[in-house]
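Breakdown of the fold
Okay, here's what each chain looks like letter by letter:
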Amino acid sequence: MATPERLRIAGGAVHDPANGIDGEVRDVCIEDGRIVASLPAGTPTVDARGMVVMPGGVDIHAHFASSSCNHGRRLLPEEHAADPVPAPALLDDEPPARSGTGGTIPTTFATGYRYAGLGYTTAFDAAVAPIMARHTHEELDDTPLLDAGCFVLLGNDEYLLRQIAAGEQERARHYVAWMLGATGGYAVKIVNPGGIEAWKAGQRNLTDIDQALGASSVTPRAILDSLTDAANDLKLPHPVHIHGNNLGQAGNSATTLATMQALAGRRAHFTHLQFHCYGGEAGKGWSSAASKVIEYVNGHPEHSVDVGQVMFGPATTVTADGPVEYLLYSTSGRKWVNIDVEMETGCGIVPYSYREKAAVATLQWAVGLELFLLAKDPWRVVLSTDHPNGGSFLSYPALIRLLMDRTAREEQLKLANPKLLAGSALADGLSREYSLNEIAIVTRAGPARLLGLAGKGQLGVGADADVTVYARDGDIARMFASPRYVIKAGRLVVEEGQLRRAPRGRRLHVRPGFDQSVVRDLRKHFETFGTVAYDNYAVRDVPGEPVAIGS
Amino acid sequence: MTAGTIEHAVCLGCGCACDDIEVVVRDGRIASVRNACPVGLAWYGDGTTTTLVKLRGSAVGVDAAAAEVAKLLRTGPAMVYLAPDLTTEAQRAAIALADRVGARLDSVTSDTAASGLVAGQRRGRATATLGEIRNRADVLVFWAVDPDVRYPRFLSRYALDPVGTQVPDGAAGRKVVAVDVGDARGAARAGSRVALTLANEAAALAVMRATVMGRALGDLSPALEAAAELARQMMGARYVVLVHDAEPSSSPADPQRAEGLTGLAQALNGPTRCVLSSLRGGGNRSGADSAMTWQTGFPFAVDFSSGAPRYRAEEPASTTVTRMASVLIVGAVRRIPDEVARGLAGRRVAVIGPRASDAPFATEVAIDTGVAGIHEAGIGYRLDDVPLPVPQIVAGPISAVAALQAVAAALRSTGAA
């Protein structure tokens, strides 16, 4: 079928929660890349009768296009060898179809094709070292089909820490604004505030938000305060995106709750929350603290989360959180990459596998599901696996099945190691099953809203024409794994389950205003301690207009 | 530009990619270069280059030459070989050609730094970007390399001399140790030295790692005892930087060296912090490794002939090339390893790159393009994978990207796939 400027998706059951539409059979009309109210008779039509129609998926947090990811790819030739990805047979030759390889961190073209194959049309790389942002934009140039952007790592950067130590919050705010523009970033990402600098400086880590960094007065609390206020004062479309201190440690729910309480009343997003919800005590035992943490989230509408669900099977842990990866390396004996990134952050990579027979992996799996199932507001609890840390984005359909089908959860639980599940709400029986509407919220409408992307995640008039059409299937995982049609910016890119077109996506970035006086100070900082000249630092020619601020 | 001054130019003479270079241009030529080392000065030259397009020795237009390159690539088995002095934009365009025609794809890394990359794939890495070395290192151990020889500004710009956030006294706050392995000498400016041979190097690295991990060692020879003592000193440091040369030199080297150094660096992150810095040659070699990895999954030695990338790291390009019917070299042909150049004998060869028309062997097609960072702007990667914007200093011939796009267009128009 040719791709016209106009397209009608006719007769499907539409799930568009942002506009209050929950399974209503209706047409979705597209013209020039946007949703329109109606189209004349005779418009080319996709017959969606009997099918489910949703906005294109929005992935708020994944690792797929960064220097860190690329080091992960390089580390895993055996995975790539086992998963060759021939170039798809596309109808258009511009841009040309490209081959690649898969595994837990697929190559860039394969990533774009596979996301589209799931019906995802927007995604963000959640952790980019500012000095490496230029690399990310090159990778995004080679990742088709996604409107994409990146979150820029701050919170262990030398310049910011100096401003915090000196009480220079206004200058810190201008610096954050400058940094987002210089890197072509979309949001501020905080990973283990102060902890990565502690790792690099020999202090090893910061595990308490009031622990001082070295001899300074700077604490994780101070870093969180500074960046959260900066992001909110700048009215960024997405608030600070926080990977808190103490990830992955027994008993870390106390740190998580302390962090949330520190930011009570202020917009903030807490990412891959599952990895931060453990009870127990280091060296003595683990338990689930999901109930306690989600209860707090339920009561704080200013906070949002994405779950970071663990899925049994292979994964690769890729994070800026250097100390966490050192611990994983030293306890697992697996291959390990550590890269200290000057003046800014770090990178740690350890390939991993979550096995049902492993008690801790089962606990992690259960914690994630508890967060989903005990959450009261699906608009603030986003589906993610922290790809590839908790599992590949290709496992999203299986995760959706677990959320929608209690029997599937119970069957999986029977195969798993229950040793650490005493007191777990999931083990006690959680009967909730997500509806299609709730799935549409946690995979599309909710993340789009939290990202401040008014045109995404919804099918109202004027929205971006990113649409996914699923053929109903009793096997929910199979249904979500193979959409029948995917429309990206008004173009039919998947037809009858086959990828047919692979246009480039848009770059999503912000460019907040800042006081130019910070530039003088930054130049001095670069000259004194940097190895890259100030004039060479900023990414030039980030494609596309920046997303409006404060809207 | 024909006249003016470019500040903060990025030199790709070696992998240090110094970006404080000041270039003065007069009458369309490079008149002077400030801050560059001898390697950089030689790389910049006066900026003049050849601007020819030749088909079997006769001048032709770019489109005609590109059409012949396309035909040549369809004469399988074919290889696309990434030589130095390309932007990553050009490298990506070249990789696309190889993918399109199902060719072999390789780069200079295959015959130079491959053993280190493969070691990294087996074990992982413990490393840092150069600014971390500058700002934190209190102990520097130069293993069989004196950077002053081939990376002349490494010590002054990144490692030894500069003041750092944790090293406020610069060189005075750092200890430098040289490990000499046979005639491969460590840094001449070292305050102490350890002498090893090729025969005992692997054992020394094993002893050092065992020392760091607290394993009991029996009686050691004097050389191995010296190595163990060095390990103990490193354990007492705040931030140790091990430096080695990932590129081959005139001194023989154990191909297992990189893996041994990696294991030692990783182990040292128990008692202290340690990184291994791998020196790389010039011309954006790290960029080629990075671009090949994100597009194919593998940093070098890729085989597209089955329709998807396969890794052929067991065979260097210098061997693979001898089995090819045709080879397209993209990049500075005079900077490719001699063994690769020798392997081209009897192949049908096309070159797209700086001074292609002046290749030291017979070519069917030669399209002169510019040098990344001199005639062509784009992105070049430092040896620590930091991406930098390389400028255009003086005008040059057609860009490598444009020439490669012409080849791609020729392939499309004839339906090659």
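Described in the following lines is the structure provided in the data block. (Residues numbered from 1 in each chain as written. Chains lettered and ligands numbered in written order. Predicted model: local features only at pLDDT ≥ 70, side-chain atom pairs only at ≥ 80, totals over all residues. Heavy atoms only, no water.)

Helix and strand content of chain A: 19 helices and 24 strands. For chain A, whose C-alpha radius of gyration is 22 Å, the value lies close to the compact-globule estimate of 24 Å for 551 residues. Dimensions of chain A along its principal axes, counting C-alpha atoms only, are 70 × 55 × 45 Å. Residues counted as buried form 67% of the 551 residues belonging to chain A. (Helix = DSSP H or I, 4+ residues; strand = E, 2+ residues; numbered from the N terminus. Rg over C-alpha atoms; globule rule 2.2 N^0.38 Å. Buried < 20%, exposed > 50% of the residue type's maximum accessible area, 1.4 Å probe, protein only.)

Next up on the list: the packing of aromatic side chains. Residues and elements named next belong to chain A. One pass over the full model with this rule turns up 26 aromatic pairs over all chains. Measuring from ring centre to ring centre gives 4.9 Å for Tyr159 and Tyr175, while their planes differ by 45°; the resulting arrangement is tilted. With Tyr159 in helix H5 (residues 158-165) and Tyr175 in helix H6 (residues 169-183), this residue pair connects regions lying 16 residues apart in the sequence. Judged on exposure class, the residue Tyr159 and its partner Tyr175 are both buried. Ring geometry for Tyr326 against Trp336: centres 5.5 Å apart, planes inclined by 65°, an arrangement best described as edge-to-face. (Phe/Tyr/Trp six-rings, centres within 6.5 Å; stacked < 30°, edge-to-face > 60°.)

The subject of this paragraph is the environment of Thr296 of chain B. Along the polypeptide, Thr296 of chain B turns up in helix H11 (residues 285-296). Judged by its relative accessible area of 0%, Thr296 of chain B is buried. Ignoring sequence-local partners within four residues, the contact set of Thr296 of chain B consists of Thr101 and Thr107 of chain A together with Ile95, Val302, Phe304 and Pro309 of chain B. Polar contacts involving the side chain of Thr296 of chain B include one to the main-chain carbonyl oxygen of Met292 of chain B, which spans 2.7 Å. For Thr296 of chain B, the side chain forms a polar contact with the main-chain nitrogen of Phe298 of chain B, separated by 3.0 Å. (Contact = heavy atoms within 4.5 Å. Polar contact = N/O pair within 3.5 Å; in protein donor to acceptor, adjacent residues only side chain to side chain.)

It is worth spelling out the side chain of Asp303 of chain B at this point. All names here are of chain B. Structurally, Asp303 is set in strand S14 (residues 302-303). Only 2.7 Å separates the side chain of Asp303 from the side chain of Ser305, close enough to count as a polar contact. Of note is the side chain of Asp303, whose polar atom sits 3.2 Å from the side chain of Arg312. With sequence-adjacent residues up to four places away left out, Asp303 is seen in contact with Ala103, Arg104, Ala308, Pro309, Arg310 and Arg312.

Topologically, Arg73 of chain A is positioned in helix H1 (residues 67-75). According to the relative accessible area criterion, Arg73 of chain A is buried, its value standing at 0%. A distance of 2.9 Å separates the side chain of Arg73 of chain A from the backbone oxygen of Pro106 of chain A, its partner in a polar contact. If we ignore the near neighbours within four places in the chain, the residues touching Arg73 of chain A are Phe64, His80, Ile105, Pro106, Thr107, Thr108 and Glu139 of chain A together with Thr293, Trp294 and Gly297 of chain B.

Taken residue by residue, the interface counts 65 residues in chain B and 60 residues in chain A. Carbon and sulfur atoms supply 48% of the area buried between chain B and chain A, which totals about 5000 Å² over both sides. For the chain B face of the interface with chain A, the top three residues by lost area are Arg125, Arg273 and Trp294 of chain B, together amounting to 14%. On inspection of chain B and its partner chain A, the count reaches eight salt bridges. Ranked by the residues each element gives to the side of chain B that touches chain A, the list is headed by helix H3 (residues 88-101) of chain B, at seven residues. For the side of chain B that touches chain A, the residue count by class is 24 nonpolar, 22 polar and 19 charged. In terms of strand pairing, strand S18 (residues 336-341) of chain A meets strand S8 (residues 124-128) of chain B through five bridges, oriented parallel. (Buried area = accessible area lost by both parts, 1.4 Å probe. Salt bridge = Lys/Arg side-chain N within 4 Å of Asp/Glu carboxyl O. Nonpolar A, V, L, I, M, F, W, Y, C, P; charged D, E, K, R; others polar. Pairing = 2+ DSSP bridges.)

Our next topic: the pattern of salt bridges. Residue and element names in this part refer to chain A. Per the stated rule, a full pass over the model turns up 70 salt bridges over all chains. Here Arg6 ties to Glu31 by a salt bridge, and the two come within 2.9 Å at their closest N and O atoms. Residue Arg6 is found in strand S1 (residues 6-16), and its partner Glu31 is found in strand S2 (residues 21-31); the two are separated by 25 residues along the sequence. Exposure remark for Glu31: the relative accessible area of 26% places this residue in the partly exposed category. With a shortest N-O distance of 3.0 Å, Glu78 and Lys335 are connected by a salt bridge. One end of the pair, Glu78, is in helix H2 (residues 77-82); the other, Lys335, is in the loop between helix H11 (322-332) and S18, with 257 residues separating them in the sequence.

The next thing to look at is the sheet that holds strand S10 (residues 147-154) of chain A. All names here are of chain A. With respect to topology, eight strands assemble into an open sheet ordered S6-S9-S10-S11-S12-S13-S16-S20, the strand pairing being parallel. The open sheet is flanked by strand S6 (57-62) and strand S20 (381-382), the only strands paired with a single partner. With four bridges connecting them, S6 and strand S9 (residues 120-128) associate as parallel partners. For Gly57, the partnering residue across the bridge sits in S9 and is Tyr120. Sheet contacts for H6: S10 and strand S11 (187-191); angle to S10, the most-contacted strand, approximately 140°. (Axes fitted to C-alpha atoms, helices over the stretch in contact; angles between N-to-C directions.)

The amide bond that connects His387 of chain A to the next residue, Pro388 of chain A, takes the cis arrangement and shows omega of 0°. Here Pro388 of chain A lies in the loop between S20 and helix H13 (396-404). Omega for the peptide link from Gly76 of chain B to Pro77 of chain B comes to -10°, which places this bond in the cis form. Mapping Pro77 of chain B onto the fold places it in the loop between helix H2 (62-73) and strand S6 (78-82). Even without glycine at this site, Asp27 of chain B takes up a positive phi of about 50°.

Time to look at the packing of helix H8 (residues 198-212) of chain B against helix H9 (residues 222-235) of chain B. Residues and elements named next belong to chain B. Remark: H8 packs on H9, axes separated minimally by 8 Å, with the N-to-C direction vectors making an angle of 40°. As judged from the angle between their axes, H8 and H9 are oblique. Where H8 crosses over H9, the handedness of that crossing is right-handed. Residue-level inspection shows Asn200, Ala203, Ala204, Val207, Met208, Thr211 and Val212 of H8 in contact with H9, the latter providing Ala223, Leu224, Ala227, Ala228, Leu230, Ala231, Arg232, Met234 and Met235. Tallied by class, residues from the contact of H8 with H9 come to 13 nonpolar, two polar and one charged. (Parallel < 35°, antiparallel > 145°, perpendicular 65-115°, else oblique. Left-handed = near helix turned anticlockwise from the far one by under 90°.)

In terms of nonpolar packing, the biggest core is built from 183 residues, with Tyr175, Tyr186 and Phe480 of chain A together with Tyr44 and Phe154 of chain B touching the most fellow members. Per-element accounting of this core gives the leading share, 10 residues, to helix H12 (residues 359-374) of chain A. Ignoring sequence-local partners within four residues, the contact set of Phe480 of chain A consists of Met54, Leu118, Pro397, Ile400, Met404, Leu436, Ile439 and Tyr470 of chain A. (Core = buried A, V, L, I, M, F, W, Y, C linked by side-chain atoms within 4.5 Å.)

Next up on the list: the packing of H8 of chain B against helix H10 (residues 257-268) of chain B. Residues and elements named next belong to chain B. One can describe the packing of H8 onto H10 by two numbers: an axis separation of 9 Å at closest approach and a directional angle of 15°. The angle between H8 and H10 falls in the class roughly parallel. Crossing handedness for the pair H8 and H10: left-handed. Residues Leu198, Glu201, Leu205, Met208, Arg209 and Val212 of H8 form the contact with H10, whose own contacting residues are Arg257, Gly260, Leu261, Gly263, Leu264, Ala267 and Leu268. The class makeup of the residues in the contact of H8 with H10 is eight nonpolar, two polar and three charged.

This part covers H11 of chain A. Listing the buried residues of H11 of chain A in full gives Gly322, Pro323, Val324, Glu325, Tyr326, Leu328 and Tyr329 of chain A. Tucked into the core, H11 of chain A has its buried residues touching helix H7 (195-201), strand S17 (313-319), S18 and strand S19 (345-354) of chain A together with H10 of chain B.

Glancing now at the pairing of strand S2 (residues 21-26) of chain B. Residue and element names in this part refer to chain B. Pairing between strand S1 (residues 4-9) and S2: four bridges, direction antiparallel. Bridged to Ile6 within S2 is Val23. Taken together, the five bridges between S2 and strand S3 (residues 29-34) define a ladder with antiparallel strand orientation. Note that in S3 the partner of Glu22 across the bridge is Arg34. The loop that links S2 with its antiparallel partner S3 comprises two residues; one of these, Asp27, has a positive phi angle of about 50°.

It is worth spelling out the sheet that holds strand S10 (residues 175-181) of chain B at this point. Residues and elements named next belong to chain B. What the five strands build is an open sheet, ordered S11-S10-S9-S12-S13; its pairing is parallel. Across the chains shown, the open sheet's two edge strands, defined by having one partner strand only, are strand S11 (192-196) and strand S13 (273-279). Mean inter-strand twist for the sheet, computed between neighbouring axes without regard to direction, equals 20°. Bridge count between strand S9 (residues 139-143) and S10: five bridges; the pairing is parallel. Bridging across to S10, Val141 finds its partner in Val177. This element, H9, spans S9, S10, S11 and strand S12 (239-245) of the sheet and lies at about 140° to S11. Contacting S9, S10, S12 and S13, H10 runs over the sheet at an angle of about 155° to S13.

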